[in-house]
Amino acid sequence: MFMMLSLAGLLFAPNFAYAGEVSRVELRGHDVTLHFDGLITQASGFTLEGPDRIAIDIKGATAHKGAHGGNGLVRTIRKGQFSPDTARIVLDLDRPATIGSGRFSKNGRMLTLSLIETDRSRFARLIKSGRKQFLPPLNFRAKPPRKQYSVRVPLPKAKPAVKLPKIYGPNDDSRPLVIIDAGHGGHDPGAISPHGGKREKDVTLAIAKAMRDELLKKGRVRVALTRENDRFLVLQERYGIARRMNADLFISVHADAAGNEDANGATVYTLAEAASDREAARLAARENKADIINGINLGDTPDDVNSILIDLTQRQTMNLSADFAKLVLREGRGNMTFRTNSHRFASFVVLKAPDVPSVLLESGYLTNEKDVDFLTSSAGRDKLAKSVANAINVYFARQLAMR
């Protein structure tokens, strides 16, 4: 019966041939013009954060998947098919901006949107404000086809939340719980080294396990890894595990790639409303796209928008994160190499748990041969693990002394 219903849906599905294709997206200054080769029903635009972007949905339209560079305010223009009758255009922004106004041409075949730069606080408010709607002239507005059938199929149950990991260490809930997150995994290898083809997802997992083992030697804290094997987790699941387990500290481990092979050394990132430099902003934008598979963003849900706004108000958590970052740098001196300005700030999604102090440790560059040798050797991993473990023990000792 299920197969018959599925076949019926294919045979009698509504025909979307009426849709006008998005034939071209033109960028002039702060004006973005969408060209259609046929009539459309309506359009709407809204803003998103992490990374900053504007999404434009065109109802009654089609668009072939693709992307091309922009200029100035808009870094990249991407387009694709959001649903059978809705095309989506995404404008990746260089800095916060919003849609100031929009107007259709008289024949309904062009929509021009004027973008306006804004500050970070207003941009955050715009995320909650919803969509701006734009309608073509009434005489040049496509009419959706009439629904001529109804097909009912059983829907699968919602998937349960990701399984919580095993906790290692003392069987004592009063001991602090540290969650260590090995970046990337599964279909997403992360950076790939030109020196031996080492993959970031493998390097970070080995480092995370070394940290866990070092912490267990002292037995002062409990430890859990977000992943102990080669599996994929979306970004919200990573810090979501820390929140669900009431973790006291969250550490996300990465090993990035750089355009310059001479760049080397570790960097510790903590959350901030604005990135400390352009490099931090670019890195956060790239890492935050790890949830996007085949054009589908697995991490964007309305509830997370509220979480992000809450994150930015959690000053105490951000201060504790910064305190721990300084300890990592202090304990690591002499054991590992750090970059200049080794404590930086960026809007990484994995750092946005509002109630769990969090850092992202870029352990080094897989494009640098010395960093690769250090991170993939047992001696190098031991030095890194001891440095971080010492920082963790000092951090919680201070917390205990302040009670």
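Conventions used here
- Residues numbered from 1 in each chain as written.
- Predicted model: local features only at pLDDT ≥ 70, side-chain atom pairs only at ≥ 80, totals over all residues.
- Heavy atoms only, no water.
- pLDDT = per-residue confidence, 0-100.
- Helix = DSSP H or I, 4+ residues; strand = E, 2+ residues; numbered from the N terminus.
- Contact = heavy atoms within 4.5 Å.
- Pairing = 2+ DSSP bridges.
- Axes fitted to C-alpha atoms, helices over the stretch in contact; angles between N-to-C directions.

(A) A look at the confidence of the model for the chain. Looking at the chain as a whole, its pLDDT mean stands at 83, while 82% of the residues score no less than 70. Looking at the elements of the chain, mean pLDDT is at its lowest for helix H1 (residues 2-11), recorded as 39, and at its highest for strand E13 (residues 222-225), recorded as 98. Scored below 50 in pLDDT, residues 1-18 makes 22 contacts in the model with residues more than four places away or belonging to other chains. Below a pLDDT of 50 lies the segment residues 292-313, which in the model reaches 33 contacts outside its immediate sequence neighbourhood of four places, other chains included.

(B) Main features of the environment of Leu327. By the element assignment, Leu327 lies in helix H7 (residues 315-332). Between the C-alpha atoms of Leu327 and Ile392, which are 65 residues apart in sequence, the distance is 8.0 Å. Each residue touching Leu327, except ones within four places of it in the same chain, is listed here: Ala391, Val394, Tyr395 and Arg398.

(C) Seen up close, the sheet that holds strand E12 (residues 177-182). The mixed open sheet is built from six strands, whose spatial order is E13-E12-E14-E19-E15-E18. A strand with exactly one partner marks an edge of an open sheet, and here the two such strands are E13 and strand E18 (338-346). The mean inter-strand angle of the sheet, taken between neighbouring strand axes irrespective of direction, is 20°. As judged from the three bridges shared by strand E15 (residues 266-271) and strand E19 (residues 358-365), these two strands associate in the antiparallel manner. By the bridge assignment, Thr267 is partnered in E19 with Glu362. On top of the sheet, helix H9 (residues 378-401) reaches E12, strand E14 (249-256) and E19; it is set at about 155° to E14, its chief contact.

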